[in-house]
Amino acid sequence: MAWIGATAPASFDRVDQTPEWVNDWLGRRRKPSPQPTQTAADSQVKSIDEASRPEQSDPVEDAAAAERREAAQRKRAEDTRSAVSAALDELDQWIADQLRLGLAGFVEACSERCRRIAARLVDLKATALAGRIDELPARLMTLRSEERPDAAIRELGKLVLLAKAWRAAPDDAELKRLVSTSETREQILANPDAVQVESDWEVLGEKIETRRDGLVSHATWLLDLQSPTPRFAVLLDFFPASAGRRSGAFAPGDRFKARLVFYPSRNPLRALVAERLGDVTSGAAWPVFSQGAAGDPLQAYSTFQDNAPWLSECPVILPAGAILTDERDGVWWQAGSGPSAIALPVEGTVNHTLLGIELTATAALWNGARLELLASQSNIGRLDLS
């Protein structure tokens, strides 16, 4: 119509007012205006007197409904406890069967056997314990073949001790965490019994492991720089391996001030960063190595095991020493002279440029058989060994 109007304007008659049918068409195209909300209307008519009146409180929950909810929670807790108890009974029987069949056969077939009992423990709600057993074959494979039977019997013994401890105190928070499930972050932060430490912390190193259940365990080890004796903390994070490697919040060597909240434990190590208070730029030294009662560098490990013999790893600060190799290319940490002059085997390999360097102090994880090095202080500065 616009083209006809431009080329042949005589085809149209001029009118003085808009035809009725055009107004009707435009009215149907006009979108309806939004209706004012009830809330807005209410706010306009609400008077000051009405606003000053106290708000009506939420209806009080029915006492019978609250009692039913608490009863259901108690029943779920009791069902979980019964299931975990049955899981530990099956675990005891499984360990007895492995010992009866022989440790040599267990080491050869540990992958399949551990996977079966781990699946059974998951069915019976002992999920944390299942994960620990499922990772046992991987830990054994890192050792020399002649060392594997000893490591296997040591780990099976720790599992027996853990099962006995849980039966004696099934409501113990640490034991529940090691056997079934862990508390949430919110529960730890709200726990009045959780130890809180505000201090300067140094990131010693990281330990990243891909587990058989498809999760990645990311442990970040920290050292308290203000404590007169060595005090450690570990931040644990778990995420699916399919998500790829995450960039950690901290890097080895970082120093920061923070308030940490520790999970209740006989040896408080696992912690959460409740509040980060900024970076630390001062070059404070590590706590001085403590000789212990008998000058034993592993005295801290002995105390650690006395409190919780079912645990494996213990962080330690070692005295002055050096990293050396033997004729079989095995790596050792060798202490200097004095009563603590011992040699401890090191897990894995190290950069050969670090061999022979005089280390004034070394932070590591000791599991009773191997050292896992984290970091060292030396005459050429800090060395990252993780």
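Before reading on, note that the structure itself is shown above.
Student: An account of the packing of aromatic side chains is requested, with residue identities and associated values reported.
Tutor: One pair of aromatic rings is described through two measures. These are the centre distance and the angle between the planes. What the rule picks out here adds up to 3 aromatic pairs. When the ring of Trp94 is compared with that of Phe106, the centres are 5.9 Å apart and the planes differ by 75 degrees; the resulting orientation is edge-to-face. Within this pair, whereas Trp94 is found in helix H5 (residues 63-101), its partner Phe106 is found in helix H6 (residues 103-108), the two being separated by 12 residues in sequence. The pair Trp94 / Phe106 is uniform in exposure class, with both members buried. Taking the centre distance of 4.5 Å and the plane angle of 15 degrees together, the rings of Phe250 and Phe256 count as stacked. Both residues of the pair, Phe250 and Phe256, belong to the buried class.

Student: Just give me the short version of helix H8 (residues 127-134), but keep the residues and values in it.
Tutor: Extensive coverage of H8 is indicated by the burial of 6 of its 8 residues. Of the positions making up H8, those classed as buried are Leu129, Ala130, Gly131, Arg132, Ile133 and Asp134.

Student: Pulling in residues and values, what's your account of the packing of H5 against helix H10 (residues 148-168)?
Tutor: For the pair H5 and H10, interaxial distance at closest approach is 10 Å and the crossing angle is 150 degrees. With respect to their mutual orientation, H5 and H10 come out roughly antiparallel. The two elements H5 and H10 meet at a crossing, and its hand is left-handed. For the pair formed by H5 and H10, the contact residues are Arg81, Val84, Ser85, Leu88, Asp89, Leu91, Asp92, Trp94, Ile95 and Leu99 on the first element and Ile153, Leu156, Leu159, Val160, Ala163, Trp166 and Arg167 on the second. Taken together, the residues of the contact of H5 with H10 sort by class into 12 nonpolar, 1 polar and 4 charged.

Student: Report on the pattern of salt bridges, specifying residues and quantitative values.
Tutor: Evaluation of the coordinates by the stated rule reveals 26 salt bridges. Two residues, Asp92 and Arg167, come together in a salt bridge whose shortest N-O distance is 2.8 Å. Residue Asp92 is found in helix H5, and its partner Arg167 is found in helix H10; the two are separated by 75 residues along the sequence. Residues Arg211 and Asp213 are paired through a salt bridge, measuring 2.5 Å at the closest nitrogen-oxygen approach. Connected via shared salt-bridge partners are Lys207, Glu209, Glu313 and Glu372.

Student: Outline the sheet that holds strand S2 (residues 215-224), listing residues and values.
Tutor: Sheet strands pair via backbone hydrogen bonds, and the direction of the pair is either parallel or antiparallel. Strand order in the open sheet made by the 5 strands is S3-S2-S1-S4-S5, with antiparallel pairing throughout. On the outer flanks of this sheet lie strand S3 (232-240) and strand S5 (271-279), each paired with one strand and no other. Here the average twist between neighbouring strands, direction ignored, is 40 degrees. As paired elements, S2 and S3 share 9 bridges and run antiparallel to each other. The residue bridging Leu215 from the neighbouring strand is Pro240, located in S3.

Analysis parameters
Residues numbered from 1 in each chain as written. Predicted model: local features only at pLDDT ≥ 70, side-chain atom pairs only at ≥ 80, totals over all residues. Heavy atoms only, no water. Phe/Tyr/Trp six-rings, centres within 6.5 Å; stacked < 30°, edge-to-face > 60°. Helix = DSSP H or I, 4+ residues; strand = E, 2+ residues; numbered from the N terminus. Buried < 20%, exposed > 50% of the residue type's maximum accessible area, 1.4 Å probe, protein only. Axes fitted to C-alpha atoms, helices over the stretch in contact; angles between N-to-C directions. Parallel < 35°, antiparallel > 145°, perpendicular 65-115°, else oblique. Left-handed = near helix turned anticlockwise from the far one by under 90°. Contact = heavy atoms within 4.5 Å. Nonpolar A, V, L, I, M, F, W, Y, C, P; charged D, E, K, R; others polar. Salt bridge = Lys/Arg side-chain N within 4 Å of Asp/Glu carboxyl O. Pairing = 2+ DSSP bridges.

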